[in-house]
Amino acid sequence: MKKKGSVLSTLIIIIGVIAGLALLDYFFAFHTNSKNLYKGYSDSSSSGVTDENGIFRDDPAELERLSKIVRETSAKLDLNILIFLPDSTKKYYTDDDVRDFTANKYNDTFGEFTDGLLYYIDISGKSPACDDIAKSGKASLVYTEDICQNIFYALDEYLPPSYGPVYPEHITNAVEHFCSLLETNYSESRASEPYYDATANVPTYTYYRNGKTYITKSKPPLRKLLICIAAEAVGGLTALIIFLCTKGRYKFKNKTNPSIYLNNNDVHFIDNSDVLIRSYVTKHRIESSSGGGGSRGGGGGGGHSHGGSISHSSHHR
Amino acid sequence: MESVEYKCPNCNADLKFNPTSQKLECEYCLSAFTVDEIKKLCATTENSIPQEAVQVQEDFANHTHLYRCKSCGAEIMADDQLTATFCYYCHNPVILAGKMGGEFKPDKVIGFKLTRDNAIACFKKWVGKRWFVPKDFKSQQQLEKLTGLYVPFWLADCHVNVDVRAIGKKLRHWVSGNYSYTETKEFRITRVGGMLTKGIPADGETKIEDLLMEAIEPYDYRELKDFSMSYLSGFYADKYDVDKSAVFPRIRVRSNQACSAYIRSTISGYSGIIPSSEQYNISNTDWRYTLLPVWFMSYKYKDKIYEFAINGQTGKLAGTPPLSKGRLGLLCAAIGAALSAIIIVVGGGIF
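Heads up: these notes are all about the structure in this document.

1. Focus on the pairing of strand 2 (residues 80–85) of chain A
Residues and elements named next belong to chain A. With 6 of 6 residues buried, strand 2 lies mostly within the body of the structure. Bridge analysis of strand 1 (residues 48–51) against strand 2 gives 4 bridges, and the strand direction is parallel. If you follow T50 over to strand 2, its bridge partner there is F84. Running through helix 2 (residues 60–77), the crossover from strand 1 to the neighbouring parallel element strand 2 is left-handed. In this sheet, strand 3 (residues 116–120) lies alongside strand 2 in parallel orientation, the contact comprising 5 bridges. Pairing of L82 across the sheet is with L118, part of strand 3. A crossover links strand 2 with its parallel partner strand 3, the connecting element being helix 3 (residues 95–110), and its sense is right-handed.

2. Examining a positive patch on the surface
Side chains of K247(A), R249(A), K251(A), K253(A), K302(B), K304(B) and K325(B) sit close together on the surface and give a patch of like positive charge. Following the sequence through the fold, R249(A) ends up in helix 7 (residues 221–249). On the basis of relative accessible area, R249(A) is assigned to the partly exposed category, the value being 48%.

3. Thoughts on the sheet that holds strand 7 (residues 212–216) of chain A
Residue and element names in this part refer to chain A. Here we have 3 strands laid out as an open sheet, ordered 5-6-7, and antiparallel in their pairing. Each of the sheet's edge strands pairs with one partner strand only, and the pair in question is strand 5 (195–197) and strand 7. Each strand of the sheet is rotated relative to its neighbour by a mean of 20 degrees, with strand direction disregarded. Direction of pairing for strand 5 relative to strand 6 (residues 204–209): antiparallel, over a ladder of 3 bridges. Counted as the bridge partner of D197 is T204 from strand 6.

4. Some remarks on the interface of chain B and chain A
Opposite the 75 residues of chain B that make contact, chain A presents 52 residues. For the pair chain B and chain A, the summed buried area comes to about 5,500 Å², and 60% of that belongs to carbon and sulfur atoms. Where chain B meets chain A, there are 3 salt bridges. Inspection of the region where chain B meets chain A yields 25 residue pairs in polar contact (both at pLDDT 80 or more). Among the secondary structure elements, those contributing two or more residues to the side of chain B that touches chain A are strand 9 (147–176), strand 10 (179–203), helix 5 (210–215), helix 6 (244–266), strand 15 (317–319) and helix 7 (325–347) of chain B. Tallying contributions element by element places strand 10 of chain B first for the side of chain B that touches chain A, with 23 residues.

5. Some thoughts on the pairing of strand 14 (residues 304–311) of chain B
Residue and element names in this part refer to chain B. Among the 8 residues in strand 14, 6 count as buried, and that is most of the element. Where strand 13 (residues 272–301) lies against strand 14, 8 bridges are found, and the strand directions are antiparallel. Residue pairing in the sheet places M297 in a bridge with F308 of strand 14. Hairpin connection from strand 13 to strand 14: 2 residues lie between these consecutive antiparallel strands, with K302 at a positive phi of about 50 degrees. Note that strand 14 and strand 15 share 3 bridges and pair antiparallel. The residue bridging I310 from the neighbouring strand is L317, located in strand 15. As consecutive antiparallel partners, strand 14 and strand 15 are separated by 5 residues, and within that stretch G315 has a phi angle of approximately 85 degrees, a positive value.

6. Quick word on the packing of helix 5 (residues 145–156) of chain A against helix 6 (residues 168–184) of chain A
Residues and elements named next belong to chain A. Relative orientation of the contacting elements helix 5 and helix 6 amounts to 150 degrees, with a least axis distance of 10 Å. As helix 5 runs across helix 6, the sense of the crossing is right-handed. Contact with helix 5, carried on its side by I151, A154 and L155, involves A174, H177, F178, L181 and L182 of helix 6 and no other residues of that element. Residue composition of the contact of helix 5 with helix 6, by class: 7 nonpolar, 1 polar and no charged.

7. A few points about the pattern of salt bridges
Inspection of the entire model under this criterion finds 23 salt bridges over all chains. A salt bridge links E186(B) to K169(B); the nearest nitrogen and oxygen atoms lie 3.7 Å apart. Of the two residues, E186(B) sits in strand 10 while K169(B) sits in strand 9, which places them 17 residues apart along the sequence. Given the relative accessible area of 27%, K169(B) is considered partly exposed. What emerges from the salt-bridge pattern is a single network uniting E52(A), D87(A) and K90(A).

8. Here's the deal with the sheet that holds strand 3 of chain A
All names here are of chain A. Taken together, 4 strands build an open sheet; the order of strands is 1-2-3-4 and the sheet is mixed. One side of each edge strand has no neighbouring strand; the edge strands of this open sheet are strand 1 and strand 4 (132–136). Averaged over all pairs of adjacent strands, the angle between strand axes in this sheet comes to 15 degrees, irrespective of strand direction. The strands that helix 2 touches are strand 1 and strand 2; relative to strand 1, the one it contacts most, it runs at about 140 degrees. Against the sheet, helix 6 makes contact with strand 1, strand 2, strand 3 and strand 4, and its axis sits at roughly 155 degrees relative to strand 2, the strand it touches most.

9. Considering the layout of surface pockets
What the largest pocket holds in volume is close to 1,700 Å³. When residues of the lining of the largest pocket are traced back to their parent elements, those giving at least two are helix 1 (2–31) and helix 7 of chain A together with strand 14 and helix 7 of chain B. Its residues assigned to classes, the lining of the largest pocket comprises 25 nonpolar, 9 polar and 10 charged.

Cut-offs used in this document
Residues numbered from 1 in each chain as written. Chains lettered and ligands numbered in written order. Predicted model: local features only at pLDDT ≥ 70, side-chain atom pairs only at ≥ 80, totals over all residues. Heavy atoms only, no water. Buried < 20%, exposed > 50% of the residue type's maximum accessible area, 1.4 Å probe, protein only. Helix = DSSP H or I, 4+ residues; strand = E, 2+ residues; numbered from the N terminus. Pairing = 2+ DSSP bridges. Right-handed = clockwise from strand over helix to strand, strands pointing away. Patch = residues over 30% accessible without salt bridge, like charges linked within 9 Å, V, L, I, M, F, W, Y side chains within 5 Å. Areas by Shrake-Rupley, 256 points an atom, 1.4 Å probe, with all protein chains shown as cover. Salt bridge = Lys/Arg side-chain N within 4 Å of Asp/Glu carboxyl O. Lys, Arg positive; Asp, Glu negative; His and termini not counted. Charge placed at Lys NZ, Arg CZ, Asp CG, Glu CD. Axes fitted to C-alpha atoms, helices over the stretch in contact; angles between N-to-C directions. Contact = heavy atoms within 4.5 Å. Buried area = accessible area lost by both parts, 1.4 Å probe. Polar contact = N/O pair within 3.5 Å; in protein donor to acceptor, adjacent residues only side chain to side chain. Left-handed = near helix turned anticlockwise from the far one by under 90°. Nonpolar A, V, L, I, M, F, W, Y, C, P; charged D, E, K, R; others polar. 1 Å grid on protein atoms, 1.4 Å probe; cavity = no way out; pocket = protein on both sides within 12 Å on 5 of 7 lines; lining within 4 Å. Points joined across faces, edges and corners; volume = space filled by probe spheres on them.

Next comes the structure, spelled out in structure tokens:
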């Protein structure tokens, strides 16, 4: 009866501890979030094509037409979209410089923590060229790394090689297809994984929760919950191991070896013999093992036309 | 608190056995007497020392009493002057039950060499390494429960006829050409003879765990003395309640273990041994009923009694330390919580 009561009280304590931890986890995960920095999307007025290179200098109508297409796509997707055509001064930018530039240019144009993206088509003369897409807000969630890479590959068909001349029709085709690709690849349901922007001045997490977009400096609640649960599991397991190991030390261990009660002088053998009764030899053939070497042909790896970096950049030739 | 008292021939105060000097000493006039001296001087007081064996047993019976604990039923041997205050097993008061029969007079005794302070030091050293014992387990009050107790032991000298037969194999490998050769030599191993295991002890007290007593072995039997009540002065003593026939199975097992270990040590150099037969027959056993010194302590914790014993001669300690699961649990929980907190903070679980 007493044992039953003890088991019951232990069970109640365990349930209490688990419930307490669950409450604590809930509090940590859902009530310790930093401020939502998300600003969203206002209108498509700032979207368009910025021709710093001057490739459409002789045909401003075409540039305006392309900007209109971009603005329409922007309005349709509720995303700020800017396509930037750099001049030759950015020819010596490193890939990192390009990424910094696109991120800063986006922020300068549309503001931080807004929904949108900036597509940097590298026609500066840099070889290899480094294309980049700087994303912000919802765009970070919708256009994942894989999608951006696919877009780069798809546009590779329309863009000239790094070393070749660039004509306005190259850009026209690229912009039209880029907008088309943005539309076809748009799917909010894809954005289940939070996006972590480690390159920003203050690293932020972008994620959806309950149909709303959040940009916070702290981790998303579900991730925080997982961290809490994992930490508690590690802590609990450690505590359990320490408990069991220590408990094991509180056991009776000593036992005297009875051999101490037998002295050599008190042993008197009548027969203490080891007699050889038989001897035989067995032999086995040693199997020779032949190793199958074989040369490994080294197939040359085909180069990508887009030597895209891990982030959003890509090179076209 | 003495179980047996001897009066000082000079001042008539109580004499106490001092383990350090191995003498009976008077705290008032500072007289000191060896056991042999007191045997002569107190011949009229301690009537258990006459020359004739019959007289010895009768006198021992006349001057020795059994106290029985109402709670646990333990029987405690003491002389007729003793007023016991508590049972050293369960710490409950004991009452006078009856006189002890002469057959309980031990043959031999080893006097206490470890003083109470030595025993406390041993215990403190042992318990110092254990952090999670209950707090009051280390308390002064608990240390006061340490009781010097002469535990009844049966010492058995077993004459064992040994007959062990086995087949031993020696292997030798070599390679020649495309062949690997193995030479196997088989030996008939025979070990036949007699062995004498001397002084295997078995406590004759049901109230004390056998394993606990085995754990504080061995005693140095070179210090065995003929029994005299004077050794008991200042200590408790117990009479056996398990006779030698009842302890014999334990003795036999330990004797066989000793012989078997010895036989194994004589068989070496073989790759494999296949036992054919192994017989250990005890043909004769010589018994000595002996009182051996043990500092004994029991501790009740959560309805469980924990017993500790210290060899009163060598200071070897054994026992199961009580574990305060609450304290250990709290520390483990604190470590687990700290670790979790570090992981949560470092992993960004909060911020």
